[in-house]
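# Structural description and commentary
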Amino acid sequence: MALLELENLVMAFGGFRAVDGVSLKVEPGTITGLIGPNGAGKTTLFNVIAGAYQPTAGRIRFDGEEITRLRTDERFHRGLVRTFQIPHEFPRLTVLENLMVVPPKQPGEQLWANWFTPGEVARTEAEVRQKAIDVLAFLELTHVMNERAGNLSGGQKKLLELGRTMMTNAKLVLLDEPAAGVNRTLLRKLEEKIQILNREWNYTFILIEHDMEMIEKLCDPVICMAEGKVLIEGDFATVRNDPRVLEAYLGE
Ligand code: ADP
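Since the structure is predicted, the reported quantities are computational estimates derived from the model, not experimental observations.

## Brief notes about helix α7 (residues 184–200)
For α7, built from 17 residues, the straight-helix expectation of 24 Å at 1.5 Å per residue is met to within 8% by its first-to-last C-alpha distance of 24 Å. Listing the buried residues of α7 in full gives Leu 186, Leu 187, Leu 190, Glu 191, Lys 193, Ile 194, Gln 195, Leu 197 and Asn 198. Put simply, Asn 183 is the residue that caps the front of α7, since its side-chain oxygen is 3.1 Å from the backbone nitrogen of Thr 185. One or two positions beyond α7, positive phi appears at Asn 202, with a value near 60°.

## Here's the deal with the pattern of salt bridges
If you walk through the whole model with that rule in mind, you get 18 salt bridges. The residue Arg 188 makes a salt bridge to Glu 213 at a minimum N-O spacing of 4.0 Å. Separated by 25 residues along the polypeptide, Arg 188 in helix α7 and Glu 213 in helix α8 (residues 212–218) bring together distant segments of the chain. It is possible to trace a salt-bridge network through shared partners that takes in Arg 184, Arg 188, Glu 191, Asp 211, Glu 213 and Lys 217.

## A closer look at the nonpolar core
Membership of the largest hydrophobic core comes to 48 residues, with the highest contact counts inside it found for Leu 139, Leu 162, Ile 194 and Phe 205. The residues that make up this core include at least three from each of domain 1 (1–86 + 168–252) and domain 2 (88–167). Apart from residues no more than four positions distant in its own chain, Phe 205 is found in contact with Thr 30, Ile 31, Thr 32, Leu 162, Leu 172, Val 173, Leu 175, Ile 194, Leu 197 and Asn 198. Of all hydrophobic cores here, the second largest spans 27 residues; its members include Leu 6, Met 11, Val 19 and Phe 62.

## Quick notes on the site of the ligand
Phe 13, Phe 16, Ala 18, Pro 37, Asn 38, Gly 39, Ala 40, Gly 41, Lys 42, Thr 43, Thr 44 and Tyr 53 make up every residue found near the ligand. Backbone polar atom of Ala 40 to an oxygen atom of the ligand: 3.1 Å apart, as the coordinates give it. The separation between an oxygen atom of the ligand and a polar main-chain atom of Gly 41 is 3.0 Å. Relative to its unbound accessible area of 560 Å², the ligand is 61% covered by the protein chains. Breaking the shell around the ligand down by element, the ones donating at least two residues are β2 (16–26) and α1 (42–50). Examining the composition of the shell around the ligand, we find that 3 residues originate from one element, α1, more than from any other.

## Focus: helix α6 (residues 154–166)
End to end, α6 covers 19 Å across 13 residues, agreeing with the expected 18 Å (1.5 Å per residue, within 8%). Listing the buried residues of α6 in full gives Gly 155, Gln 156, Lys 158, Leu 159, Leu 160, Glu 161, Leu 162, Gly 163, Arg 164, Thr 165 and Met 166.

## Section: unusual backbone geometry
Geometrically, the link from Asp 220 to Pro 221 is a cis peptide bond, its omega value of 5° lying close to zero. Here Pro 221 shows up in the loop between α8 and β9 (222–226). Phi is positive for Glu 140, close to 60°, though the residue is something other than glycine. Mapped onto the elements of the fold, Glu 140 is located in the loop between α5 (120–138) and α6. Owing to a relative accessible area of 38%, Glu 140 belongs among the partly exposed residues under this scheme. In this model, Asn 202 sits at a positive phi of 60°, which is unusual for a non-glycine residue.

## What to know about the pairing of strand β4 (residues 57–62)
When strand β1 (residues 4–13) meets β4, the two strands line up antiparallel, connected through 5 bridges. Note on β4: the bridge partner recorded for Leu 6 is Ile 60.

## Examining the side chain of Thr 165
Relative to the elements of secondary structure, Thr 165 occurs in helix α6. Among the polar contacts listed, one links the side chain of Thr 165 to the backbone oxygen of Leu 162, at a separation of 2.6 Å.

## Here we look at the packing of aromatic side chains
Applying the stated criterion to the full structure yields 4 aromatic pairs. Where Trp 201 meets Tyr 203, the ring centres are 6.2 Å apart and the plane angle is 85°; that geometry is what we call edge-to-face. According to the relative accessible area criterion, Trp 201 is partly exposed, its value standing at 37%. Judged by relative accessible area, Tyr 203 falls into the buried class, the value being 4%. For the ring pair Tyr 203 and Phe 205, a centre distance of 6.0 Å and an interplane angle of 40° mean the geometry is tilted. The exposure classification of Tyr 203 matches that of Phe 205, with both residues buried. Taken together through their ring pairs, the aromatic side chains of Phe 138, Trp 201, Tyr 203 and Phe 205 make up a single cluster. Cation over ring: Lys 193 sits above Phe 138, and NZ or CZ is 5.1 Å from the ring centre.

Reading the values: the criteria
Residues numbered from 1 in each chain as written. Predicted model: local features only at pLDDT ≥ 70, side-chain atom pairs only at ≥ 80, totals over all residues. Heavy atoms only, no water. Helix = DSSP H or I, 4+ residues; strand = E, 2+ residues; numbered from the N terminus. Expected span 1.5 Å × (residues − 1). Buried < 20%, exposed > 50% of the residue type's maximum accessible area, 1.4 Å probe, protein only. Polar contact = N/O pair within 3.5 Å; in protein donor to acceptor, adjacent residues only side chain to side chain. Salt bridge = Lys/Arg side-chain N within 4 Å of Asp/Glu carboxyl O. Core = buried A, V, L, I, M, F, W, Y, C linked by side-chain atoms within 4.5 Å. Domains from an automatic or database assignment. Contact = heavy atoms within 4.5 Å. Near = heavy atom within 4 Å. Areas by Shrake-Rupley, 256 points an atom, 1.4 Å probe, with all protein chains shown as cover. Pairing = 2+ DSSP bridges. Phe/Tyr/Trp six-rings, centres within 6.5 Å; stacked < 30°, edge-to-face > 60°. Lys NZ or Arg CZ within 6 Å of the ring centre and 35° of its normal.

The structure is reproduced here in structure tokens:
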């Protein structure tokens, strides 16, 4: 069963269809690359999947359930996480604190409910802290654990953002241009961590990316959109060599 299934999705702004009848399936355990020229509708599609926009028509199923009309936070609890959906780092909090403030499940519920039960507090807080420490070790960010997050480099902030999704019960993570503003060294690290999360933690990813090296290295399948529609889906080589894809980019 597909983890995510889109059926004839349409997102119109006035008379303009930014997403124009998209149907696709995302299988669990995959890293799907979403490419296409500027204005193709990729970001709008992410917004519809995450629940920021209500689609004009069509249906979305996630993890066996129809979620078309669910709110963003209701999707989040089901494990559908968009990276920027989790607020960007709090620059004045430390890196460790930034991970500890991510709601593990229901914002305002689990963590805060326990707050008022003596004995529970320490246990929960200690657990959250330990998990945050483990996440930082995995991301190789332990050395900056007590730095203010605002002082991190662009690449370290992207790793921290990935770390924040690891504090949730994510099943499907929508990554919006993870490579943007990241230097080559940290880019390799980011790619490696995404691959480990995919292979060993069963995270499914969809990523919008213009960096074709990253798409080639990580993604199968690759979906190319143009003018609100899916132009082609296939492995990287098939998509790259399709004349319609070249044409779409030339028309940009
Ligand atoms: P991409 O991410 O592939 O570059 P977008 O999804 O950002 O494409 O945009 C697709 C088209 O939809 C563009 O022509 C854009 O101007 C239009 N669009 C996106 N959001 C809105 C909006 N809120 N209102 C009107 N038009 C929009």
